[in-house]
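# Summary of the model geometry
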Amino acid sequence: MSENKHILRVENLRKSFGDNVVLKDVSFTMDKGETKVIIGPSGTGKSTLLTCINQLVKPDSGTIYLKDINVTKAEEMNKIRARIGFVFQDFGLFSHLTAMRNVMIGPVKVQKMNKEDAKNLAYEELKRVGLLEHADKYPAQLSGGQKQRVGIARALAMQPELILFDEPTSALDPELIGEVLAVMKDLADNKMTMLIVTHEMGFARTVSDEIIFMEDGVIVEQGTPEKLFKNPEHKRTGEFLFKLTELYGEGDE
Amino acid sequence: MPLLLKGTLVTIEITFLTLAIGMLIAVPVSFGQVYGPKWGKVLIGIYEKVLRSIPGIVILFLIYYGLPRVGIQMSPFLACVIGLGLRSGAYQSQIFRGAIQSIDSTQMRASRSLGMSKMQGFRNVIFPQAFRVALPPWANEFTIVLKDSSFAYALGVTELLRQGRYIISTTYEPMLIFLTIAAIYFVITFTLNKSLQALETKLIIPGFDIREKIQ
């Protein structure tokens, strides 16, 4: 069937930490070039869902397909992780390497690309996130927004089929959020497939193809921003969106 | 004096071999203690706790006088280096473990998410940073090992201290000779600490200097 056309297919995912059930039966799909945003109150399993997708955390049950590979049963997980980008809330930049070498290290160490090619590639990716002039700086010499853009460039350098963003702007000062969102919007416009956990309603509304609203480990509702904002099926969705919008504003791009 | 220098050389040999064996043990052990499977952590925990709880001299006696009972015999020098090396490995493993755990864990997760194995993440990302953190306490471990190398005296190795005793038995100048020996230990410690400090300064990550002056 057409099942395999999805880049990502998550089916009946469950995960508990001890007695705490974090994900109860989560299913959704993503197509190539799509941007989906996951929203929901904190502690509802959004981040766990992302880390389950690239298997940094093992789900208890359920299946995840990356194209037609069953990720949950994959033997060469390192090779699969290399195809899925991940952007962390707290950046996770390598402190002892310059921005340039942070971006180079994946291609060099994992894809065994030669240094010269990796350098050219890193150059391109840093240019793409607007950080060329900071290429030789170390993470501690960069602002939060710049760090996160290096984080995005590092993920891009692996030429991933999908990038997962775990609250990429939550650790940033308000005035630095815009530069990161601008880079992400640019990626969306260029049809990068992205799954983003965020509280940035303006971004969700204007950039995403679909919003997934999660609460208590289940997907309450998913649909286009238009539908969720204007006329949600569930009362709870409306309440949550109203509260977030009130808090963070419409945030027009 | 040439005899003392000969002894000094043996002392330095013991020190460096001990530190080298210690480090060869400590790096994989600390990796296992942080990232390894549960059974590995248990085994390592036993090794590290036992070796840190027994006096160095007892370890040496066990190896040199005890092991021949089960058919393992070795020269005093080798027994000394192995015994002190095993013990230093336990101490160094704790230095490295602390250093590894001081590096924020997102960096390991980021390495893994790029497709690196745990080992690759450790080698390329965590260890280069942990090494910098470990340098000052490691310099301290060096001075301890240097001074503990005098335990070899008890097994009959002619290191610095024993050479000194030999000289005293013919010259009857204990004060002078012991003072000279003390001075030699001091000079070695001082020189190496200075070089390690220089290395530390050289390896500082720009912008990461936490030695901000607090008023």
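Whatever comes next refers back to the structure up there.
Scope of this entry: the structure provided in the associated data block. Small disclaimer: the values here were computed from a predicted structure and weren't measured.

Right, let's get into the overall build of chain A. Counting its secondary structure elements, chain A contains nine helices and ten strands. Against the compact-globule benchmark of 18 Å for 253 residues, chain A has a radius of gyration of 18 Å, which places it among compact chains. Seen along its three principal axes, the alpha-carbon backbone of chain A occupies a region of about 55 × 45 × 35 Å. A sequence separation of at least 24 residues applies to 65% of the contacts in chain A between residues at least 6 apart. Surface accessibility of chain A: about 11100 Å² in total, with carbon and sulfur atoms responsible for 46%.

Residue and element names in this part refer to chain A. Reading across the sheet, the four strands line up as E2-E1-E4-E5 and stay open at both edges, with antiparallel pairing between neighbours. Since the sheet does not close on itself, it has two edges, and those belong to strand E2 (20–30) and strand E5 (69–70), each with one partner. Of the strand pairs in this sheet, strand E4 (residues 61–66) and E5 are connected by two bridges, and their pairing is antiparallel. Across the sheet, residue Leu66 finds its bridge partner in E5, namely Ile69.

Now for the pairing of strand E10 (residues 218–223) of chain A. Pairing between strand E9 (residues 210–215) of chain A and E10 of chain A: five bridges, direction antiparallel. Counterpart to Phe213 of chain A in the pairing with E10 of chain A is Glu221 of chain A.

Residues and elements named next belong to chain B. One can find Thr143 in helix H6 (residues 118–148). At 2.6 Å, the side chain of Thr143 and the backbone oxygen of Asn140 are in polar contact. Residues in contact with Thr143, not counting those within four places in the same chain, are Thr189 and Asn193.

Inspection of every chain in the model, using the stated rule, returns twelve aromatic pairs over all chains. By the ring-pair criterion, three or more aromatic residues cluster together here, those being Phe31, Tyr35, Phe96, Phe122, Phe127 and Phe131 of chain B. Lying across the ring of Tyr65 of chain A, Arg9 of chain A places its NZ or CZ 4.3 Å from the centre. Stacked on the ring of Phe94 of chain A, the Lys or Arg Arg154 of chain A has its end atom at 4.5 Å from the ring centre.

Next up on the list: H6 of chain B. Its 31 residues place the ends of H6 of chain B only 35 Å apart at the C-alpha level, less than the 45 Å of an ideal helix rising 1.5 Å per residue. Taken as a whole, H6 of chain B carries its principal kink of about 50 degrees at Leu135 of chain B; the proline Pro136 of chain B stands between one and four residues after it.

Procedures and definitions
Residues numbered from 1 in each chain as written. Chains lettered and ligands numbered in written order. Predicted model: local features only at pLDDT ≥ 70, side-chain atom pairs only at ≥ 80, totals over all residues. Heavy atoms only, no water. Helix = DSSP H or I, 4+ residues; strand = E, 2+ residues; numbered from the N terminus. Rg over C-alpha atoms; globule rule 2.2 N^0.38 Å. Contact = heavy atoms within 4.5 Å. Areas by Shrake-Rupley, 256 points an atom, 1.4 Å probe, with all protein chains shown as cover. Pairing = 2+ DSSP bridges. Polar contact = N/O pair within 3.5 Å; in protein donor to acceptor, adjacent residues only side chain to side chain. Phe/Tyr/Trp six-rings, centres within 6.5 Å; stacked < 30°, edge-to-face > 60°. Lys NZ or Arg CZ within 6 Å of the ring centre and 35° of its normal. Expected span 1.5 Å × (residues − 1). Bend = angle between axes of the 7 residues up to and from the residue.

So far we have only geometry, and geometry alone does not tell us how the molecule works.
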